[in-house]
Amino acid sequence: MTTALSDPVGLDVPFHARGPLSAAVLASPAGPPVDVDLLALAQRVSLEAADPLTDDDIQLSLFCLYAASYGLFPQIAPEREWDPGLIAARRVLESAVESALRVRVAAVPVPEPRRDSVAAALFELTSEDAGPSLSRFIAKKATRDQVREFLIHRSVYTLREADPHSWAIPRLTGAPKAALVEIQSDEYGGGRADRVHATVFAKAMRGAGLDDDYGHYLDAIPAVTLASFNAMSMFGLNGRLIGAIVGHLAAFEMTSSIPNRLYGDGLRRLGYGEDVLDYFDEHVEADAVHEQIAGRDLAGSLAEERPELVADIMFGAASCLLLDGAIGAHMLECWTAGASSLRDGSPR
Amino acid sequence: MSEPRVTVTPCPDGPLLVRGPFEIIGDDGEPIPRRRRTVALCRCGMSTIKPYCDGTHKITGFRAD
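Residues numbered from 1 in each chain as written. Chains lettered and ligands numbered in written order. Predicted model: local features only at pLDDT ≥ 70, side-chain atom pairs only at ≥ 80, totals over all residues. Heavy atoms only, no water.

1. Concerning the overall build of chain B
A count of helices and strands for chain B gives one helix and three strands. In sequence order, chain B lays out its α and β elements as β-β-β-α. The dimensions of chain B, computed from C-alpha atoms along their principal axes, are 40 × 30 × 20 Å. By residue count, 37% of the 65 residues in chain B fall in the buried class. Charge centroids of chain B, computed over 10 positive and 8 negative side chains, lie 10 Å from each other. (Helix = DSSP H or I, 4+ residues; strand = E, 2+ residues; numbered from the N terminus. Buried < 20%, exposed > 50% of the residue type's maximum accessible area, 1.4 Å probe, protein only. Lys, Arg positive; Asp, Glu negative; His and termini not counted. Charge placed at Lys NZ, Arg CZ, Asp CG, Glu CD.)

2. Topic: the domain arrangement of chain A
Residues and elements named next belong to chain A. When the domains of chain A are assigned, the result is domain 1 (20-104) and domain 2 (115-336). Taking only C-alpha atoms, the centre of domain 1 and the centre of domain 2 are 24 Å apart. Between domain 1 and domain 2, the contact holds 21 residues from the first and 28 residues from the second. Across the domain 1-domain 2 interface, the total number found is two salt bridges. Its salt-bridge partner being Arg102, residue Asp312 comes within 3.0 Å of it at the nearest N-O pair. Put simply, domain 1 and domain 2 have nine residue pairs in polar contact (both at pLDDT 80 or more) between them. (Domains from an automatic or database assignment. Contact = heavy atoms within 4.5 Å. Salt bridge = Lys/Arg side-chain N within 4 Å of Asp/Glu carboxyl O. Polar contact = N/O pair within 3.5 Å; in protein donor to acceptor, adjacent residues only side chain to side chain.)

3. Considering the interface of chain A and chain B
If you look at the interface, chain A gives 21 residues, while chain B gives 21 residues. Taken together, the two surfaces of chain A and chain B that pack against each other cover about 1,700 Å², and 50% of this comes from carbon and sulfur. Scanning the region where chain A abuts chain B turns up eight salt bridges. Close ionic contact of A:Glu282 with B:Arg35 constitutes a salt bridge, the shortest N to O distance being 3.5 Å. Linking chain A with chain B are nine residue pairs in polar contact (both at pLDDT 80 or more). Elements supplying a minimum of two residues to the side of chain A that touches chain B: helix 9 (174-187), helix 13 (257-269) and helix 14 (274-305) of chain A. (Buried area = accessible area lost by both parts, 1.4 Å probe.)

4. A short note on the side chain of A:Ser69
All names here are of chain A. Within the secondary structure layout, Ser69 lies in helix 3 (residues 56-70). A distance of 3.2 Å separates polar atoms of two side chains, one belonging to Ser69 and the other to Glu81. When neighbours within four sequence positions are excluded, Ser69 is seen to be in contact with Glu81, Arg90, Trp167 and Leu237.

5. Focus: the packing of helix 2 (residues 38-48) of chain A against helix 4 (residues 84-104) of chain A
Residue and element names in this part refer to chain A. Direction vectors running N to C along helix 2 and helix 4 enclose 10°, while the axes themselves pass 8 Å from each other. In terms of their interaxial angle, helix 2 and helix 4 are classed as roughly parallel. Where helix 2 approaches helix 4, its residues Leu38, Leu39, Ala42, Gln43 and Ser46 are matched on the opposing element by Gly85, Leu86, Ala88, Ala89, Val92, Leu93 and Ala96. Its residues assigned to classes, the contact of helix 2 with helix 4 comprises nine nonpolar, three polar and no charged. (Axes fitted to C-alpha atoms, helices over the stretch in contact; angles between N-to-C directions. Parallel < 35°, antiparallel > 145°, perpendicular 65-115°, else oblique. Nonpolar A, V, L, I, M, F, W, Y, C, P; charged D, E, K, R; others polar.)

6. Details of the sheet that holds strand 1 (residues 7-10) of chain B
All names here are of chain B. With antiparallel pairing, three strands are arranged side by side in an open sheet as 1-2-3. Only two strands of the sheet have a single neighbouring strand rather than two, namely strand 1 and strand 3 (39-41). Each adjacent strand pair in this sheet contributes to an overall mean axis angle of 30°, direction not counted. Strand direction decides the pairing type here: strand 1 and strand 2 (residues 16-19), joined by four bridges, are antiparallel. Pairing of Pro10 across the sheet is with Leu16, part of strand 2. (Pairing = 2+ DSSP bridges.)

7. Examining the nonpolar core
Core analysis: the biggest nonpolar cluster contains 123 residues, and A:Phe63, A:Leu101, A:Leu122 and A:Phe150 have the highest contact counts within it. A total of 14 residues in this core trace back to one element, the largest contributor, which is helix 15 (residues 310-336) of chain A. Composition of this core by domain shows at least three residues from each of domain 1 (20-104) and domain 2 (115-336) of chain A. Grouped together as the second largest cluster of nonpolar side chains are six residues, B:Phe22, B:Val39, B:Leu41 and B:Tyr52 included. (Core = buried A, V, L, I, M, F, W, Y, C linked by side-chain atoms within 4.5 Å.)

Below, the structure written as structure tokens:
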């Protein structure tokens, strides 16, 4: 894989910058670059971007800024999480991304702030999801190379599965908190380290002949895929977006069981073994539980407690569908054209 | 501490959520493996992983009432 040896990037991370902004974000291990006005650069790049949701430089920069909060890479020091210069730039980029999302999902209906009506609205919204076309393609037609690409796209989030939503736990109280912890406990294996979903996914990657080191394939990951993970991180890390991260989780769970069954069908068709199938089979059962808890006990109860959050719950849900739908559409579009959906175009 | 309860929650137009200390016994008398604390039992009859729910009720238009 690529190294940063001949690269202007200062941090020795396992991927390359994608423009002046991400180069500046990665220029100095300590924090913002010394010779560049990062804030001004972030403002300029945000203004000039045709679409912040698919802009490689913006999405990789955000990803690198969030990486410090998660501890994704040992090269990106945790001190960077609270560096005022990096946070200032991050807020400019977040503002651009959030605005783009709000414009695009403005039409989503906002239900009454009742448990049943919010759950019903979320199930209704997610029933219109266009996403299953990717899962149907994988079930029936995808090649082994395409399945490996699919796993590489998924790895950005899934090797840290559930973590973006866990930021919300201390920001909730009572019934919604109990519901979120019930879901997350299951995501984290219910006390069994080998059943942590991220660990089960890492096993699936190895079973498919892929490297499960976080970031190993990052240079190949397009902005559209980074945007999905970044939006979750933005919703989770910003307390003011608590409604959005809750709605995001509800929509994510509600669009999981049936697609995962279809992914499993495709993986069986291609002859993958139990080590790869385990993750997908697990999610057919798990997420049929989680979607009920997320719709009613989490999102519905939160809406009753804090009616002012209903619009953001729906915003988060619609953003999830928009962003994950875009990744699916990107994969299908590339594959239909006989191309790779990865950035450097070479199937791994 | 009192004995933990078993609770069954019928989800509108969806599965039964079961929580607490319980076992599901198959027709052969053997316990059906349970992999999580809270399970969703199929109520529409269409699940591919019965007795557990797989979300199929959402595409078949199952109504509980």
